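One letter stands for each residue in the lines below.
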Amino acid sequence: VSAASPAAAQIGSFLSKKPYAPPSWASHLALAPSHTFSLGHFPTPIHQWNLPNLPEGTEVWIKRDDLSGMQLSGNKVRKLEFLLSDAVAQGADCVITVGGIQSNHCRATAVAAKYLNLDCYLILRTSKLLVDQDPGLVGNLLVERLLGAHIDLVSKEEYGKIGSVALADLLKKRLLEEGRKPYVIPVGGSNSLGTWGYIEAVRELEQQIQLSGDVQFDDIVVACGSGGTIAGLALGSKLSSLKAKVHAFSVCDDPEYFYDYVQGLIDGLQSGLDSHDIVSIQNAKGLGYAMNTAEELKFVKDIATATGIVLDPVYSGKGAYAMLKDMADNPSKWKGRKVLFVHTGGLLGLYDKVDQMSSLAGSWRRMDLEESVPRKDGTVPHKIIVWMIQQLMQAITCLDLDSACRISSTSLSGLTPYRACTFISMNSSRGIRASVAGKTTNDGVSCNLCKTEKS
Ligand SMILES: Cc1ncc(COP(=O)(O)O)c(C=O)c1O
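Here the structure is a predicted model, which means the values were calculated and not measured.

The rules behind the values
- Along each chain, numbering runs from 1 in the same order as the chain's sequence is written.
- Thresholds applied to this predicted model are a pLDDT of at least 70 for local features of residues and 80 or more for the giving and counting of side-chain atom pairs; totals over whole chains, interfaces and linings are not thresholded and use all residues.
- Only DSSP runs of H or I covering at least 4 residues are called helices, and only runs of E covering at least 2 are called strands; the numbering of each starts at the N terminus.
- Using C-beta atoms placed from the backbone, we call a residue buried if 20 or more other C-beta atoms fall within 10 Å of its own, exposed if 12 or fewer do, and partly exposed for counts in between.
- Contact between two residues is assigned whenever their backbone-derived C-beta positions fall within 7 Å.
- Expected span, for any helix, means 1.5 Å times one less than how many residues it has.
- Think of each axis as a best-fit line through the C-alpha atoms, taken over the contacting stretch in the case of a helix, with angles from 0 to 180 degrees between the N-to-C directions.
- Should an angle fall under 35 degrees it is called roughly parallel, over 145 degrees roughly antiparallel, and 65 to 115 degrees roughly perpendicular, with every other angle called oblique.
- Left-handed describes a crossing whose near helix is turned anticlockwise from the far helix by less than a right angle; the clockwise case is right-handed.
- Strands qualify as paired when DSSP identifies two bridges or more between them.
- In this analysis a residue is considered near a molecule or strand if the C-beta atom, reconstructed from its backbone, is found within 6 Å of that molecule or strand.
- Residues are sorted three ways: Asp, Glu, Lys and Arg are charged, Ala, Val, Leu, Ile, Met, Phe, Trp, Tyr, Cys and Pro are nonpolar, and all the rest, Gly among them, are polar.
- For the domains described, the bounds stem from an automatic or database domain assignment.

Asks: So, the overall build of the chain: which residues are in play, and what are the values?
Replies: Scanning the chain for helices and strands turns up 19 helices and 14 strands. The buried share of the chain, taken over its 455 residues, is 41%. Expressed as a percentage of contacts within the chain between residues at least 6 apart in sequence, the contacts between residues at least 24 apart total 72%.

Given below as structure tokens:
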């Protein structure tokens, strides 16, 4: 699909480039983008989320950024609308980005790049044991490989020693030598430009709140993985009319790391604000990035069963788990508050947890299709034919054709109209005829019932 094609413009604005003007409350920020690509389906819905065991008077609502489109790309769509617009403006013919082996961001970038006719190069981090092997097709990898993204694997140790920036630069250098024009997107799309994605999401939220009339949120809760989402949300909430308190639950690294990282992002926008004043960050890492306890996975399962909302195990699952735990531990902090949880997507990450989740998933059974259920082709199940033959043989042995015929027609009513006499005719060559000798005709045996019907 060519983003600039006239056909796209005629049919609608999806995948087209459009001018961008920041909300008035953000107009003083630096690096305001001049354009954006329309890649997602916005506004995303907001609805009440009936979570169990909430503190008294607490309401939780959910903003469904998991429904933002672009093949389940969640929160990444908002950042990529700005990042890819910049890539295209700079004349790039391919993009490079970096992430974990099941990175949602890498997969989202691969989709967005293909939408805009750009090649995509992904550097994916995996374990030392797996780095020389085919990474397989589970979850995000399947989508990336279907899209034809170029995948380079590095081990966690190499990643730790070299760093994501140097790895991307190395690949960029190689592509430049080949005459390509690469554009590098940082881990998670979290740089100051990407931060505009969630500044813009706050404008969307403001408009949704205005339209709804009476809903006001006291708190916004979201998972944090690379920092761009909370930077945009927190800055937007502070500057706009929203003024909701933003709570981040970090799923990797520590809160202090993210306060610093967010500070760098908002400094890049020359906000003049302190990250500690605009967001509260709590640790929800648990066993470690992309690792889950059985309790966390059971939580994901229980919430899906109770509310129909499927959380991902790596981000929104850990975020919501930690939020409810905090509500249980500190009910007075949350009592009577209206809380908006942002579901950031990541559904494909669940496929990586299939083994761990198999004992939790709902049960199943073989459907009971009892013998009397009619088959579409009119055939009768083998078991019932055997039973029928037994009944018939008994009647025939007694030379009681009338009752044989009655047995077959009444006990099988609604099914293939087997008639004992027809059956006997069909099987006469197998010796049954002998047992009814004297009652056969050239047409076969006919009982009184059938004779009547024929006449
Ligand atoms: C599904 C999902 N939710 C939340 C996040 C966290 O967003 P951010 O990286 O902007 O902190 C990510 C990515 O890291 C993600 O993939």
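Asks: Before we move on, can you summarise helix H2 (residues 76-89) with the specific residues and values?
Replies: Its 14 residues place the ends of H2 20 Å apart at the C-alpha level, agreeing with the 20 Å of an ideal helix rising 1.5 Å per residue. Judged by how many residues are buried, H2 sits mostly within the fold: 13 of 14 residues are covered. Of the residues flanking the end of H2, it is Gly91, one or two places downstream, whose phi is positive at about 75°.

Asks: Tell me about the packing of helix H8 (residues 228-239) against helix H9 (residues 255-268), residues and numbers included.
Replies: Their axes nearest at 9 Å, the elements H8 and H9 cross at an angle of 60°. On the basis of the axis angle, H8 is oblique to H9. Considering the relative orientation of H8 and H9, their crossing is right-handed. Touching Gly228, Ile230, Ala231 and Leu235 of H8 are Val262, Leu265 and Ile266, all from H9.

Asks: I'd like to hear about the sheet that holds strand E3 (residues 46-48), residue by residue, with values.
Replies: Pairing is mixed across the open sheet formed by six strands, whose spatial order is E3-E4-E12-E9-E10-E11. The open sheet terminates on both sides in strands that have one partner only, identified here as E3 and strand E11 (279-283). Across this sheet, the average inter-strand angle for adjacent strands is 25°, counted without regard to direction. Two strands pair when backbone bridges link them, and strand E10 (residues 245-250) and E11 are joined in this way by five bridges, in the parallel orientation. Bridge pairing in E11 places Ser250 opposite Asn283. Packed onto the sheet, H8 meets strand E9 (219-224), E10 and E11 and runs at close to 165° relative to E9. Contacts from helix H12 (residues 316-329) reach E9, E10, E11 and strand E12 (338-343) within the one sheet, and its direction differs from that of E9 by about 135°.

Asks: Would you mind going over the sheet that holds strand E6 (residues 119-126) in detail, with residue names and values included?
Replies: Spatial ordering of the open sheet is given by E7-E6-E5-E8, a layout of four strands whose pairing is parallel. Among the strands making up the open sheet, the edge pair consists of strand E7 (150-155) and strand E8 (182-184). For this sheet, the mean angle separating the axes of adjacent strands, direction not counted, is 25°. Relative to E8, strand E5 (residues 94-100) runs parallel, the two sharing three bridges. Among the inter-strand pairings, Val95 is bridged to a residue of E8, identified as Tyr183.

Asks: Can you explain the environment of Leu153? Please cite residues and give values.
Replies: The residue Leu153 is located in strand E7 in this model. The sequence separation of Leu153 and Leu122 amounts to 31 residues, and the corresponding C-alpha distance is 8.4 Å.

Asks: Kindly report on the site of the ligand, identifying the contributing residues and their values.
Replies: As a structural note, the neighbourhood of the ligand is formed by 19 residues, with Gly225, Ser226, Tyr315, Thr344 and Gly346 the closest of them. Sorting the residues of the shell around the ligand by element identifies helix H3 (104-115), E9 and H8 as the ones contributing at least two each. In terms of residue class, the shell around the ligand is built from three nonpolar, 15 polar and one charged. The residue makeup of the shell around the ligand includes at least three contributed by each of domain 1 (12-73 + 197-357) and domain 2 (76-189).

Fair warning: the whole summary comes from geometry, so function is off the table for now.
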